[in-house]
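As a plain string of letters, each chain reads:
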Amino acid sequence: MVETPVQLALFETQDSYGEAHSGAPTIPRVAQSSDDFAELLREIDAADRIAFDTETTGVDMTRCDMVGMSLTTRPGIGWYLPVETASGDWHLPADSPDALTLRGALNRSRALLAAHNAKFDLGVLQRHGMPITHPVYDTMIAQFAIDPFARGALGLKPLAKLHLGWDMQEIETLIGHSHVSRQRSMRDVPLALVAPYAAADADATWRLVDALQPQVAALGLERLLNEVEFPLIPVLVDMELDGVAIDRPYLAALSVEMTARLRVVEADIYRLAGRVFNVGSPQQLANMLYRVLGLQVDVSADAAYLPSTRAHRLEELRDKHPMVPLVLEQRELAKLLGTYVDALPALINPATGRVHTHFNQAVVITGRLSSSNPNLQNVPITSEMGRRVRRAFIGAPGAPDSPRACVLSSDYSQVELRVLAHLADDAVLRAAFQRGEDIHASTAASIYHVPIAQVTSEQRGFAKRINFGIAYGMSSFSLARSTGMTDAQAEKFMADYFRRFAGVRRWLESTKRKMSCDGYVATLYGRRRPFNDMRGRDGSEVRRNERLAVNHPVQGSAAEIVKIAMIKLQKALRAGGYKARLTVQVHDELVLDVPREEVADVRELVRREMEEAVQLSVPLKAGIGVGDNWDSVE
DNA sequence: TGGAGCTCA
DNA sequence: ACGCATGAGCTCCAG
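Summarised in this report is the structure supplied together with it. (Residues numbered from 1 in each chain as written. Chains lettered and ligands numbered in written order. Predicted model: local features only at pLDDT ≥ 70, side-chain atom pairs only at ≥ 80, totals over all residues. Heavy atoms only, no water.)

Concerning the protein's contact with DNA strand B
Here comes step 1: In the region of DNA strand B, 17 residues are neighbours, and Lys335, Asn378, Ile381, Thr382 and Asp588 sit closest.
Here comes step 2: Ala311 is positioned such that a nitrogen or oxygen atom in its backbone is 3.0 Å from a phosphate oxygen of DNA strand B.
Here comes step 3: Grouping the constituent residues of the surface near DNA strand B by class yields six nonpolar, six polar and five charged. (Near = heavy atom within 4 Å. Polar contact = N/O pair within 3.5 Å; in protein donor to acceptor, adjacent residues only side chain to side chain. Nonpolar A, V, L, I, M, F, W, Y, C, P; charged D, E, K, R; others polar.)

What follows is the structure in structure tokens.
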């Protein structure tokens, strides 16, 4: 039978696990009777700290099934609660009375709850009738705050190795490798093997809290974790589980239209080329443009390499040959089709009819969220064609006979510049924000010494460039590059800027000094970015680190403000009994599904929670739009 | 799998 | 003289 090789593999697993067991001394206890369960409940009531972990049939919390759950209330022992069993033994089905009892016990407990990558476990538990309302200590997020460069090694097993010296059993020893033959499901692994594996995971998590806590304290990360990152987890769980509604018929029609246009454009390209080639291959395209057609670009060319075919390079050639604009159009169509129009429908969860992105808290060094599968933080907005894609993101369907929810988008106005004004304590910049002025016009007025009403649009444009660039540590050369000023003009412009905004200049200097003296810089809530000793390094490397150093507190503190706004907003929405739901965060923008009858209320609630998220020395301002889709929110 | 190229804030 | 703005994710190609 098919079973035989599986069994063999599992026996081998047990052997290797036996060797490794000395490193992970967890005694598993399987809850197999009502008496066991009652004993566990008593332990939960008496516990100071409870670590838990879920075993599931997959890694996607929006669709996997729960196989079991492990719980540890003291080091060395891990309970395992099967969710389903073949026999009549005690188990814990979703929504069963026992599940409700456990949920009540966990939420009633005064113990610290801990989990590794808690968002996953909380999402799974929520989908199985056990929502956890307590804040949870997440050992993965704590580790990321301690060492943001550990990004690739944030799994529970590497952490247990690092902090506890444990060589833990890898999950592949139970379910096989995803790339080798077909992976088995955790559901098919015998209880006798799942239980010790799961128990060790909960035990490791329990002990990791002790290992991490001294470092968290030493690095001053308590407020960041307890006031920002941990409370954000349940907000992200709700956002991910709710998902975003997609207009599938609209996308289908858009696909037909865009694909037809793509075929026409490609046919025209082949006709002009005199042959068929792969326009999507930068190499073949460069060969066609620069060798066959002989187009010239004005760059100091290394003879060994053909020039790039990047869009801004092709824009310079737009009028030189009719193929060039066609290539640009082909690129845009192929990108939109491949990334959204044809790809999004496949990501719609059939059970919910929505797409469920992942918001990751442990990827971006500055502390921003990242979004993946799909990335909803880079949905096109600039081009007309891109905005047609954006129109596919719509409100959730309402109850029968009631209309779809609206899409509400609220974005912070100039949040990073306001953060800079606060951090740098720059009197001029602060005053401009306090007066509620158009900040770019105001900056221009300051630099050119003219009344704000007399600022020309060109002057405002220069000021806007410098306002954006400052937070990135921009040089006068890049200012010249991006504005078309000469180097000398740009240099003078920046000198004028820093004379006027002396607080900003002092802050930039002190931040760079802090980087080299202390070896780190930090955000409002204390998230650090470490730097290596740069003594004896190349000047350009030092300057790059200086740019990273000044960007970190600005970008990272802004990210914290948005996260706090999300936490407060979610709380206010729930307290008010609203059906409105947060769906997407795009760094300085929050997107919500709002039933039509709630729009007036929720609009003001969102504004208040965002503008009052934190108290800075400058006001925060949010701009809000409402529409039928993500494009029409203006 | 790494780079080229594109999208966003 | 050099090198030239921060932070991400996804798709495609080529090897």
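Examining the packing of aromatic side chains
Here comes step 1: The full count for this structure, using the stated rule, is eight aromatic pairs.
Here comes step 2: Where Phe37 meets Trp90, the ring centres are 4.7 Å apart and the plane angle is 25°; that geometry is what we call stacked. Note that Phe37 is positioned in helix H2 (residues 34-46) and Trp90 in the loop between strand E4 (77-82) and helix H3 (97-108), a separation of 53 residues in sequence.
Here comes step 3: On the basis of relative accessibility, which here comes to 10%, the residue Trp90 falls in the buried class.
Here comes step 4: When the centroid spacing of 6.2 Å and the interplanar angle of 70° are considered together, the rings of Tyr270 and Phe277 count as edge-to-face.
Here comes step 5: Accessibility expressed as a relative area gives 22% for Tyr270, which makes it partly exposed.
Here comes step 6: An aromatic cluster of at least three residues, connected via ring pairs, comprises Tyr448, Phe462 and Phe493.
Here comes step 7: Lying over the aromatic face of Trp206, Arg49 brings its terminal NZ or CZ to 4.1 Å of the ring centre.
Here comes step 8: Seen from the ring of Tyr520, Arg528 lies directly overhead, with NZ or CZ sitting 3.7 Å from the centre. (Phe/Tyr/Trp six-rings, centres within 6.5 Å; stacked < 30°, edge-to-face > 60°. Helix = DSSP H or I, 4+ residues; strand = E, 2+ residues; numbered from the N terminus. Buried < 20%, exposed > 50% of the residue type's maximum accessible area, 1.4 Å probe, protein only. Lys NZ or Arg CZ within 6 Å of the ring centre and 35° of its normal.)

Regarding unusual backbone geometry
A negative phi angle is the norm for most residues apart from glycine, just as the trans form is the norm for most peptide bonds.
Here comes step 1: With an omega of -5°, the peptide bond running from Asn373 to Pro374 counts as cis.
Here comes step 2: Looking at the element boundaries, Pro374 is found in the loop between strand E11 (370-372) and helix H15 (384-390).
Here comes step 3: Although it is not a glycine, Asn117 adopts a positive phi angle of roughly 60°.
Here comes step 4: Note that Asn117 resides in the loop between strand E5 (112-115) and helix H4 (118-127).
Here comes step 5: A positive phi angle, near 50°, is found at Asp425, a position not held by glycine.
Here comes step 6: Note that Asp425 resides in the loop between helix H16 (415-424) and helix H17 (427-434).
Here comes step 7: Of the residues examined, Asp425 reaches a relative accessible area of 46% and is grouped as partly exposed.

Notes on the packing of H16 against helix H22 (residues 502-518)
Here comes step 1: At a minimum axis distance of 9 Å, the contact between H16 and H22 shows a crossing angle of 80°. As summarised for this structure, H16 and H22 are arranged roughly perpendicular, according to the angle between their axes. Residues Leu420, Leu423 and Ala424 of H16 form the contact with H22, whose own contacting residues are Gly503, Val504 and Trp507.
Here comes step 2: Taken together, the residues of the contact of H16 with H22 sort by class into five nonpolar, one polar and no charged. (Axes fitted to C-alpha atoms, helices over the stretch in contact; angles between N-to-C directions. Parallel < 35°, antiparallel > 145°, perpendicular 65-115°, else oblique. Contact = heavy atoms within 4.5 Å.)

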